[in-house]
Amino acid sequence: MKGLLLKDLYMAKSNILVTIVSLIVLGFGLSVLLEASALLVLAPPCATTAVFISITSDANSKWSKNVITMPVSRSQIIGEKFILYIILSVLGIIAALIPCGVLAIFGAEISLASLLLYGSIGVSATLFSGCFSIPCAYFFDPDKSQIVFIMSFLASTGIIVALVLLINLFIPVKGNILLPFNILIIAAIFFFISHKIAVMAYQEKDIT
């Protein structure tokens, strides 16, 4: 699996670098209009686009037919994409935190509660989106999976934000750090279940 992961990271390195730099620049730009920490909502999904580029590239180059002849199991082939997805999400969070940290050093008001809230929303929505879009990329048209990802991310973000706003009517969300983390835990569970379902389905898929 390590070899598969290195292959995808090497192929997507230019895309990842451009995305990270863009997020850092965007963070400084957003600080003029909004809280810089709001970038944490957008950073994870932006960073994970390399996963779908990788899946589309594999499909176009017939890589799937070659990789099953190698000493890796089908579960590892699927698992690698899910791991790559998580790694890129983390890189997106780190890229978004850089402008937040710099602005905080220069006196901008960026609270830990805001970072945790926006970060939890961004990662949760990204995980929920990955639950649908990654399996879709393997069992349907890889190009359409990116559309599914965008739609599912928008839907997930909308639902999560609506829930946070609803809860905030009764309990101050920024004052209760555990609430956003509860949503994040639920998203992680769904992501894990999606991985298991995708592995079982891929085991039965005819690659030849």
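Residues numbered from 1 in each chain as written. Predicted model: local features only at pLDDT ≥ 70, side-chain atom pairs only at ≥ 80, totals over all residues. Heavy atoms only, no water.

K.L.:
Please explain the overall build of the chain as it appears in this structure.
P.N.:
Helix and strand counts for the chain come out as 9 helices and 0 strands. Along its sequence from the N terminus, the chain presents helices and strands in the succession α-α-α-α-α-α-α-α-α. Classification of the 208 residues of the chain by burial places 43% in the buried group. Sequence-distant contacts in the chain: of pairs separated by 6 or more residues, those separated by 24 or more amount to 85%. (Helix = DSSP H or I, 4+ residues; strand = E, 2+ residues; numbered from the N terminus. Buried < 20%, exposed > 50% of the residue type's maximum accessible area, 1.4 Å probe, protein only. Contact = heavy atoms within 4.5 Å.)

K.L.:
Teacher, can you tell me more about a nonpolar patch on the surface here?
P.N.:
On the surface, a nonpolar cluster with roughly 750 Å² of combined accessible area is contributed by Phe28, Ile86, Val90, Ile94, Ile98, Val102, Ile105 and Phe106. Here the nonpolar patch gets 6 residues from one element, more than from any other, and that element is helix H6 (residues 74–105). Within the secondary structure, valine 90 is located in helix H6. (Patch = residues over 30% accessible without salt bridge, like charges linked within 9 Å, V, L, I, M, F, W, Y side chains within 5 Å. Areas by Shrake-Rupley, 256 points an atom, 1.4 Å probe, with all protein chains shown as cover. Salt bridge = Lys/Arg side-chain N within 4 Å of Asp/Glu carboxyl O.)

K.L.:
For this particular structure, what's the right way to read the nonpolar core?
P.N.:
Side chains of nonpolar character tend, in soluble globular proteins, to be buried together. Counting residues in hydrophobic clusters, the biggest one holds 43 residues, and the most contacted among them are Ile78, Ile160 and Phe191. Looking at this core element by element, the count peaks at 10 residues for helix H7 (residues 112–139). Those residues in contact with isoleucine 78, other than ones at most four positions away along the chain, are Tyr138, His195, Ala198, Val199 and Tyr202. (Core = buried A, V, L, I, M, F, W, Y, C linked by side-chain atoms within 4.5 Å.)

K.L.:
Is there a simple way to think about the environment of alanine 125 in this case?
P.N.:
Of note, alanine 125 is situated in helix H7. With 29 residues separating them in the primary sequence, alanine 125 and leucine 154 have C-alpha atoms 8.1 Å apart. Beyond its immediate stretch of four places on either side in the chain, alanine 125 contacts Phe153, Ser156, Thr157 and Ile160.

K.L.:
Would you mind showing me how to read the packing of aromatic side chains here?
P.N.:
Here the distance between the centres and the angle between the planes together describe a pair of aromatic rings. As enumerated under the stated definition, the model contains 3 aromatic pairs in all. An aromatic cluster of three or more residues is present, and its members are Phe82, Tyr85 and Phe191. (Phe/Tyr/Trp six-rings, centres within 6.5 Å; stacked < 30°, edge-to-face > 60°.)

K.L.:
Hey, could you run me through the packing of helix H3 (residues 39–47) against H6 in this one?
P.N.:
With their axes 7 Å apart at the nearest point, H3 and H6 run at an angle of 140° to one another. In terms of their interaxial angle, H3 and H6 are classed as oblique. Here H3 and H6 pass one another in a crossing that is right-handed. Residues Leu39, Leu40, Ala43, Pro44 and Ala47 of H3 lie in contact with H6, whose contacting residues are Leu88, Ser89, Gly92, Ile93, Ala96, Leu97 and Pro99. (Axes fitted to C-alpha atoms, helices over the stretch in contact; angles between N-to-C directions. Parallel < 35°, antiparallel > 145°, perpendicular 65-115°, else oblique. Left-handed = near helix turned anticlockwise from the far one by under 90°.)

K.L.:
I would appreciate a short explanation of the pattern of salt bridges in the present structure.
P.N.:
It is possible for side chains bearing opposite charge to pair when their charged atoms get close. According to the stated counting rule, one finds 1 salt bridge in the structure shown. Linking lysine 81 and glutamate 80 is a salt bridge whose minimum nitrogen-to-oxygen distance equals 3.8 Å. Glutamate 80 matches lysine 81 in its accessibility class, with the two residues each being buried.

K.L.:
I would appreciate a short explanation of the confidence of the model for the chain in the present structure.
P.N.:
In low-pLDDT segments, the atomic positions of the prediction should not be examined closely. With 80% of its residues at a pLDDT of at least 70, the chain reaches an overall mean of 76. Looking at the elements of the chain, mean pLDDT is at its lowest for helix H5 (residues 63–67), recorded as 66, and at its highest for H6, recorded as 84. (pLDDT = per-residue confidence, 0-100.)

K.L.:
Where do I start with the side chain of serine 124 in this structure?
P.N.:
By the secondary structure assignment, serine 124 is in helix H7. By relative accessible area, serine 124 is classed as buried at 0%. Side-chain polar atoms of serine 124 contact the backbone nitrogen of leucine 184, separated by 3.4 Å. In this structure, serine 124 is in contact with Ile160, Ile183, Leu184 and Ala187, ignoring residues within four places of it in sequence. (Polar contact = N/O pair within 3.5 Å; in protein donor to acceptor, adjacent residues only side chain to side chain.)

K.L.:
Could you clarify how one ought to interpret the environment of isoleucine 134 in this entry?
P.N.:
With respect to the helices and strands, isoleucine 134 occurs in helix H7. Overall, isoleucine 134 belongs to the buried group, its relative accessible area being 0%. Separated by 14 residues in sequence, isoleucine 134 and valine 148 have C-alpha atoms that sit 9.2 Å apart. Residues contacting isoleucine 134, with those up to four places away along its chain left out, are Phe52, Phe82, Tyr85 and Phe191.

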